[in-house]
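Overview (structure and organization)
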Amino acid sequence: MLYPEIEPYDHGMLDVGDGHHVYWEVCGNPDGKPAVVLHGGPGSGCTPRARRYFDPAAYRVVLFDQRGCGRSTPHAGHPVVDLSTNTTDHLVGDLERLRGHLGIDRWLVFAASWGSVLGLVYAERFPHRVSAMVHAGVATGRRSETDLLTTGLGPMFPRAHARFRELVPTGDPAAGYLELLLSPDPAVHRRAAEEWCAWEDALQPLSSGLRFEVPEHALAFARLVTHYWAHGSWLPEGIVLAEADKLAGIPGVIVQGTLDLGNLIGTPFDLAHVWPDAELVLISETAHGGSDAMTASRRAATDKFR
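Described in the following lines is the structure provided in the data block. (Residues numbered from 1 in each chain as written. Predicted model: local features only at pLDDT ≥ 70, side-chain atom pairs only at ≥ 80, totals over all residues. Heavy atoms only, no water.)

Attention now goes to the overall build of the chain. If you tally the helices and strands in the chain, you get 10 helices and 8 strands. For 306 residues, the compact-globule estimate of 2.2 N^0.38 gives 19 Å, and the C-alpha radius of gyration of the chain, at 18 Å, lies within 12% of that figure. Judged by the C-alpha coordinates and their principal axes, the chain covers about 50 × 40 × 35 Å. Of all 306 residues assigned to the chain, the portion counted as buried reaches 55%. Here the contacts in the chain between residues at least 6 apart in sequence split such that 75% fall between residues at least 24 apart. Accessible area for the chain stands at about 12600 Å²; split by element, carbon and sulfur atoms hold 55% of it. The centroid of the 26 positive side-chain charges in the chain is displaced by 2 Å from the centroid of its 37 negative side-chain charges. (Helix = DSSP H or I, 4+ residues; strand = E, 2+ residues; numbered from the N terminus. Rg over C-alpha atoms; globule rule 2.2 N^0.38 Å. Buried < 20%, exposed > 50% of the residue type's maximum accessible area, 1.4 Å probe, protein only. Contact = heavy atoms within 4.5 Å. Areas by Shrake-Rupley, 256 points an atom, 1.4 Å probe, with all protein chains shown as cover. Lys, Arg positive; Asp, Glu negative; His and termini not counted. Charge placed at Lys NZ, Arg CZ, Asp CG, Glu CD.)

All chains considered together, the criterion is met by 18 salt bridges. A salt bridge links Arg51 to Glu7, with the nearest nitrogen and oxygen atoms 3.8 Å apart. Taken as a pair, Arg51 in the loop between strand 3 (33–38) and strand 4 (59–64) and Glu7 in the segment before strand 1 (10–17) lie far apart in primary sequence, 44 residues in all. Arg51 gets classed as buried once you look at its relative accessible area, which sits at 8%. The class of Glu7 is exposed, set by a relative accessible area of 59%. The shortest N-O distance in the salt bridge between Arg51 and Glu25 comes to 2.7 Å. Of this pair, Arg51 sits in the loop between strand 3 and strand 4 while Glu25 sits in strand 2 (residues 20–28), and the two are 26 residues apart along the sequence. Owing to a relative accessible area of 1%, Glu25 belongs among the buried residues under this scheme. (Salt bridge = Lys/Arg side-chain N within 4 Å of Asp/Glu carboxyl O.)

Relative to each other, helix 1 (residues 88–101) and helix 2 (residues 114–125) sit at 70°, their axes nearing to 10 Å. In terms of axis orientation, helix 1 runs roughly perpendicular to helix 2. For the pair helix 1 and helix 2, the crossing hand works out as right-handed. Here helix 1 contributes Thr88, Asp89, Leu91, Val92, Leu95, Glu96 and Arg99 to the contact with helix 2, which in turn contributes Trp114, Leu118, Val121, Tyr122 and Arg125. Class assignment of the residues belonging to the contact of helix 1 with helix 2 gives a composition of 7 nonpolar, 1 polar and 4 charged. (Axes fitted to C-alpha atoms, helices over the stretch in contact; angles between N-to-C directions. Parallel < 35°, antiparallel > 145°, perpendicular 65-115°, else oblique. Left-handed = near helix turned anticlockwise from the far one by under 90°. Nonpolar A, V, L, I, M, F, W, Y, C, P; charged D, E, K, R; others polar.)

With that settled, consider the sheet that holds strand 2. Across the sheet, 8 strands lie side by side as 1-2-4-3-5-6-7-8; this open sheet has mixed pairing. In this open sheet, the two strands that pair with only one neighbour each are strand 1 and strand 8 (278–283). If you compare each strand with its neighbour and ignore which way they point, the axes differ by 20° on average. With 6 bridges connecting them, strand 5 (residues 107–112) and strand 6 (residues 130–136) associate as parallel partners. The residue bridging Trp107 from the neighbouring strand is Val130, located in strand 6. (Pairing = 2+ DSSP bridges.)

On the secondary structure map, Tyr53 appears in the loop between strand 3 and strand 4. It is 8.7 Å that separates the C-alpha atoms of Tyr53 and Ala296, two residues lying 243 residues apart in sequence. With residues up to four places along the chain from it excluded, the contact list for Tyr53 reads Leu2, Tyr3, Phe110, Thr295, Arg298, Arg299 and Thr302. A polar contact is formed between the side chain of Tyr53 and the side chain of Arg298, at a distance of 3.4 Å. (Polar contact = N/O pair within 3.5 Å; in protein donor to acceptor, adjacent residues only side chain to side chain.)

Time to look at helix 1. Across its 14 residues, helix 1 extends 20 Å between first and last C-alpha, which sits within 8% of the 20 Å expected from 1.5 Å per residue. Looking only at helix 1, the buried set comprises Thr88, Leu91, Val92, Asp94, Leu95, Glu96, Leu98 and Arg99. With its phi angle positive at about 70°, Gly103 sits one or two positions after the end of helix 1. (Expected span 1.5 Å × (residues − 1).)

Any functional reading would require information that these geometric values do not contain.
Below is the structure:
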């Protein structure tokens, strides 16, 4: 379902300001169609698997770790961290800086989950820099989406949610957890990271449950997710859908599992309705974590735009 494993032919660390250096890599055909991969999270980091969604003879594929995660520095998993210069605006700026650094005029945006939020915001601000888009497990950055994940789904997973709320029994879970995660006390921030990641795993009962084995990764992921969710991703509520007219002329494919819990408030259908140049592909019996059928459909989408 995926192309063979491939190694980057170039990589580096880009100084994006504010003391941040972003890791990037390029693989495939140096003269191919440019594409950029936006990972989820925030804070998941890019993976070698993401390289394999693209025909290496046809695409010049750019992957990078967003601020604070993966191989980018400073890492949000350090004992003490300042997240004040890690916002959606900063990440959009990093994306444009990386495009210019690599001498790319326009590129295909390939994204999933939080990466979809970042990719859609980027495309609405710089539509002339986007040739096409492929999204999976789509999100738009609305508070209603994150409220669903932190509180609305509690009745569906009552035991896991009760455990999740033990550390933050009242108020916004993301804001409460963020305060604990930023504590300089290792016992406090490590426990908070464990509990946040346990809830993340509970929301994906079909996944392997091995996503947060490395404590530093778990801490960085939990800090970045709560940092963004507690601040509404620094986006006015519903702005991505409200300004979807700016996507006119950008072809796209939205690959969505029918069992993705984000569907409960209609996000993929709302986006497809206001983005007429996009095709919505529904994958049966598939949740947010994906499936073989979703993998095949995402590769088919990049082949379509090849």
